[in-house]
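Fold and contact review
The residues making up each chain are set out below.
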Amino acid sequence: KKVKDYLAKSDDEKIAIAKMQIRETILRLVTEAEMDYEEWNVAGSIKRAQVINQIYETYPILSKIVDQPKLVEWIDEQIDEALDTLRYIIKENQ
């Protein structure tokens, strides 16, 4: 039933659902990228690309958005917020 409900939604509704889920999972994706490239101090663009790639693989509906630069900018904002949270958590645990 959930799959039928999802498939019946418009692309805009599907994109909104994907964005909501991205907000909920971005910290995990950023943390995984940080751990994957922990030994490389200057791997920010690689980590960013990894996170964006994972998002597009998980939510292929995003490829239907016409304004891709705006979407990537939004994803970058989510990544920056998650990085701030991650740094705060690390600082508090030291």
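Residues numbered from 1 in each chain as written. Predicted model: local features only at pLDDT ≥ 70, side-chain atom pairs only at ≥ 80, totals over all residues. Heavy atoms only, no water.

Description of the packing of aromatic side chains
Formally: Put simply, two rings from Phe, Tyr or Trp (the six-membered ring, in Trp's case) pair if the centres are within 6.5 Å, and we call them stacked under 30 degrees between planes, edge-to-face over 60, tilted for the rest. Whether a charge sits over a ring depends on NZ of Lys or CZ of Arg being within 6 Å of the ring centre and within 35 degrees of the ring normal.
Going through the model one piece at a time under the given rule, you end up with zero aromatic pairs. Positioned above the aromatic ring of Trp-74, the side-chain terminus of Lys-19 is 5.0 Å from the ring centre.

Quick notes on the nonpolar core
Defined as follows: Definition used in this section: a nonpolar core is a set of buried Ala, Val, Leu, Ile, Met, Phe, Trp, Tyr and Cys residues joined via side-chain atoms within 4.5 Å. Relative accessibility thresholds used throughout: buried, under 20% of the residue-type maximum; exposed, over 50%; partly exposed, between the two (1.4 Å probe, protein chains only). Helix and strand definitions follow DSSP, with helices as H or I runs of at least four residues and strands as E runs of at least two, each counted in order from the N terminus. Contact definition: two residues touch when any of their heavy atoms are within 4.5 Å.
Ile-26, Val-30, Val-51, Ile-55, Leu-62 and Ile-79 are the most contacted members of the largest nonpolar core, which has 21 residues in total. Elements with a minimum of two residues in this core: α2 (11-36), α3 (44-58) and α4 (68-93). Apart from residues no more than four positions distant in its own chain, Leu-62 is found in contact with Ile-15, Ala-18, Ile-22, Ile-55, Tyr-56, Gln-68 and Leu-71.

Examining the confidence of the model for the chain
Test applied: Values of pLDDT, ranging from 0 to 100, describe the predictor's confidence in every residue of the model.
Of all residues in the chain, 93% have pLDDT values of 70 or greater, and the mean over the chain is 83. Ranking the elements of the chain by mean pLDDT puts helix α1 (residues 2-8) last, at 78, and α4 first, at 88.

As for the pattern of salt bridges
Heads up, the condition is: One side-chain nitrogen of Lys or Arg within 4 Å of one carboxyl oxygen of Asp or Glu is enough to make a salt bridge.
Applying the stated criterion across every chain, the model contains three salt bridges. Note that Arg-28 is salt-bridged to Glu-32, the shortest N-O span being 3.1 Å. With Arg-28 and Glu-32 both in helix α2 and four residues apart, this pair spans about one turn of that helix. When its relative accessible area of 46% is taken as the criterion, Arg-28 is described as partly exposed. We classify Glu-32 as partly exposed; its relative accessible area is 27%. Asp-84 is the partner of Arg-87 in a salt bridge, and the nearest nitrogen-oxygen pair spans 3.9 Å. Here Arg-87 pairs with Asp-84, and both are found in helix α4, just three residues apart, close to one helical turn. Per residue, the accessibility class of Arg-87 equals that of Asp-84, and both read exposed.

Focus: the layout of surface pockets
The condition that has to hold: In this analysis, the protein atoms alone were mapped onto a 1 Å grid. Cavities are point sets where a 1.4 Å probe fits without being able to get out; pockets are open sets with protein on both sides within 12 Å along at least five of seven lines; lining residues have an atom within 4 Å of a point. Grid points are joined across faces, edges and corners, and a volume is the space filled by probe spheres set on the points. Residue type decides the class: Asp, Glu, Lys and Arg count as charged, Ala, Val, Leu, Ile, Met, Phe, Trp, Tyr, Cys and Pro as nonpolar, and the leftover types, Gly among them, as polar.
If you add up the space inside the largest pocket, you get close to 210 Å³. Considering the residues around the largest pocket, the lining is formed by 14 residues, among which Glu-34, Gly-44, Ile-79, Leu-83 and Arg-87 are closest to the centre. When residues of the lining of the largest pocket are traced back to their parent elements, those giving at least two are α2, α3 and α4. Broken down by element, the lining of the largest pocket gets its largest block of residues, seven residues, from α4. Tallied by class, the residues present in the lining of the largest pocket amount to seven nonpolar, one polar and six charged.

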